[in-house]
Amino acid sequence: MTTDLLGEASGAETAGVTQKTMTLNLGPQHPSTHGVLRLLLELDGETVVNCQPHIGYLHTGFEKNMEAKTYHKAIPYTDRMDYLSAMIYNVAYVQTVEKLCGIEITPRCAYVRTLVSELQRIASHMVWYGTTGMDLGASTAFLYAFRDREDILDFFEELAGGRLTPSYTRVGGMAADLTPGFEERCKTWLVRLPGLIDDYEALLTNNEVFLERTQNVGTMTAEDLIALGVTGPVLRASGFDWDIRRSNPYLIYDKLDFKVCTATGGDVFSRYKVRMGEMREAVKICLQVLDGMPGGEINISDTKYRRPPKDTIMVGMEELIHHFKIATAGFPVPAGEAYVPVESSKGELGFYVVSDGTGKPQRVRVRPPSLLNLQALPQMARGRMIADVVALIGSIDIVLGEVDR
Amino acid sequence: MEQTTQALDAAAERADVLGQDEPRAFTDRLASIVASLEREFPGAVMEHGVGLDMPAMRLRLEDWVACCRWLRDEPGLRYALLSDLTAVDYLERSPRFDLVAHLYSHESQTYLRVKTGVEGAAPEAPTLCEVWPGANWLEREVWDMFGIRFVGHPDLRRILTPDGWEYFALRRDFPLQGPGMIKLYDSVKDVF
């Protein structure tokens, strides 16, 4: 913190000018930056004159690594980008590969993917709720949210074996079908959830301190946000009704009855209201999906893209060879390119995959919602107090793993 | 039994949507956009076609910014959201790089992919920052990863890798790892 402060101050001295503003380094090691975000704040007293985000501390070259892997082996990387919406990332990536291959997934698979995506959305919003609450001084909110998120992670563990990074999807299907009795248990838990969300709201929605810190803070118009590429709950909180699940439906969203949550304020509190509404809608979606869950196979039968079942590998020569080929060389994906957007918990997420016809992609590009949403932070922060910056970072809901990739 | 019937119906419905209607709508839409663009900027559209997911066109590099601005503003199109901007490196091809932008129109709820080729030796392209302020970080990332210089960009610095980094990691000729593993911390010593 001192380096930049002193560096800037001494620079001004040598120039022989009285410096009016002070530069303050917020992060990268600061709990309110939700990871390793570094902000250079130019301050006039306590007012932010300018804010310059520095990112890249978590850059791990996922896109480069994915180019060097077969299509299946790249799936675990998708978990680790936005580790709070790993399932949505899994789904988004395999959807794009399936689009390239022309694979039509089974109805059961579409239902299961929708179910886990929505559970993940609830879990991601719970983390956002908890951390935002804690940033603003309400540590009870954090404990409530993490207690309930644990149940969702337990569900994921049961389904996929992994909690935070499940890697549950496969090209043409899922790693495993739902476990016996999962649907009932999930439903029992989901029915309880709206009551828990009421508890969340009881803590913050009418809380005087929370309102003071969030209302009319960081107000942005929808036009400005669209020009900056902002999507998701932040955009919907400015009164812009756009949700990819509704406008460009994928999986089974066109068959579901749900509301796109919007608010008109465009401030931090409106973003809070939108996300709380989305959690409630996600519960409704999950219940509808569980009610309509069709039977049948979860994986496609075309073994060109899918590993043969384990029991056949043990007895059949063809199957063994096929298994070996898919595990080592991968399956060839027809040359072409595809971009399939989905609505992640943060906004528009899409994988742009370019295939050259071999078993490895020519290019995999992620459209990271957090990166583009974060870009709006300087505009939101200008003219606000330094304490508002903390509220703003929370309201954008960034995951640095995804910003930096 | 009932569930199976439901599942079959669902599959038939999906096949209808994905298999027939979408590409036809894509073709009509693209034809009208290309025709208007040709009127406004003769010779700008070098190539166009309907991809698996959305209509796509390749624009001449000189007309890149003007065409994008037109696509953003034209009533009836209004591709107001620059959803994504990235590059693809086709090492042995000429032009070597493709700049790829995905545009979204909230009015028609459709996507459009526009591309332009950038030559490999000293790659340069005009910036889209004046059309979409959101292009700022996206172009910085393309510069950082591919070394394509955006002329007129207000703040063209590296964004993900350290400032002293000399390489462009997403180029196809940049190795995943190699004998001379780069000494990362040397390049950032002056920051601290």
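Right above here is the structure, for reference.
Residues numbered from 1 in each chain as written. Chains lettered and ligands numbered in written order. Predicted model: local features only at pLDDT ≥ 70, side-chain atom pairs only at ≥ 80, totals over all residues.

Peer 1: Sorry, what's going on with the overall build of chain B here?
Peer 2: For chain B, the count of helices and strands is four helices and seven strands. When its helices and strands are written in sequence order, chain B yields α-β-β-α-β-β-β-β-α-β-α. Sorting the 192 residues of chain B into buried and exposed places 37% on the buried side. Partitioning the contacts of chain B with sequence separation of at least 6, the portion at a separation of at least 24 is 47%. (Helix = DSSP H or I, 4+ residues; strand = E, 2+ residues; numbered from the N terminus. Buried ≥ 20, exposed ≤ 12 C-beta atoms within 10 Å, placed from the backbone. Contact = placed C-beta atoms within 7 Å.)

Peer 1: Mind showing me how you'd approach the sheet that holds strand 1 (residues 45-50) of chain B here?
Peer 2: Two pairing modes exist for strands in a sheet, parallel and antiparallel, and in both the strands are linked by backbone hydrogen bonds. All names here are of chain B. The strand order across the open sheet formed by five strands is 1-2-5-4-3, and the pairing between neighbours is mixed. The sheet is open, and its two borders are formed by strand 1 and strand 3 (81-89), each paired with just one other strand. Recorded for the sheet is a direction-independent mean angle of 20° between the axes of neighbouring strands. Strand direction decides the pairing type here: strand 3 and strand 4 (residues 97-105), joined by eight bridges, are antiparallel. (Pairing = 2+ DSSP bridges. Axes fitted to C-alpha atoms, helices over the stretch in contact; angles between N-to-C directions.)

Peer 1: Whenever I open this one, the interface of chain A and chain B confuses me. Can you help?
Peer 2: Many structure descriptions define interface size as the accessible area lost when the parts assemble. Of the residues lining the interface, 40 residues belong to chain A; the matching set on chain B comes to 36 residues. Mapped by element, the contributors of at least two residues to the side of chain A that touches chain B are helix 2 (62-67), helix 4 (86-101), helix 5 (107-135), helix 9 (222-227), strand 6 (336-343), strand 7 (348-355), strand 8 (361-367) and helix 15 (369-374) of chain A. Among the elements that take part in the side of chain A that touches chain B, strand 6 of chain A stands out by supplying five residues, more than any other. For the side of chain A that touches chain B, the class distribution of residues is 16 nonpolar, 13 polar and eleven charged. (Nonpolar A, V, L, I, M, F, W, Y, C, P; charged D, E, K, R; others polar.)

Peer 1: How should the packing of helix 5 of chain A against helix 6 (residues 139-160) of chain A be read in this particular structure?
Peer 2: Two packed helices can be described by the angle between their axes and the distance between those axes. Residues and elements named next belong to chain A. Relative to each other, helix 5 and helix 6 sit at 160°, their axes nearing to 8 Å. Taken together, the axes of helix 5 and helix 6 lie roughly antiparallel to each other. Handedness of the crossing formed by helix 5 with helix 6: left-handed. Facing helix 5, whose interface residues are Leu119, Ile122, Ala123, Met126, Val127, Tyr129, Gly130, Thr131, Gly133 and Met134, helix 6 presents Ser139, Ala141, Phe142, Ala145, Phe146, Asp148, Arg149, Ile152, Leu153 and Phe155. Taken together, the residues that form the contact of helix 5 with helix 6 break down as 14 nonpolar, four polar and two charged. (Parallel < 35°, antiparallel > 145°, perpendicular 65-115°, else oblique. Left-handed = near helix turned anticlockwise from the far one by under 90°.)

Peer 1: Sorry if this is basic, but what is going on with the pairing of strand 5 (residues 110-118) of chain B here?
Peer 2: Each regular strand carries side chains that alternate between the two faces of the sheet. All names here are of chain B. Within strand 5, seven of the nine residues are buried, which leaves the element mostly enclosed by the surrounding structure. In the sheet, strand 2 (residues 55-59) pairs with strand 5 via four bridges, with the strands oriented parallel. Across the sheet, Ala56 pairs through a bridge with Arg113, a residue of strand 5. Bridge count for strand 4 against strand 5 is nine bridges, and the pairing is antiparallel. Following the sheet pairing, Ser105 is matched in strand 5 by Thr110. Linking strand 4 to strand 5, which pair antiparallel, is a turn of four residues; within it Gln109 sits at a positive phi near 55°.

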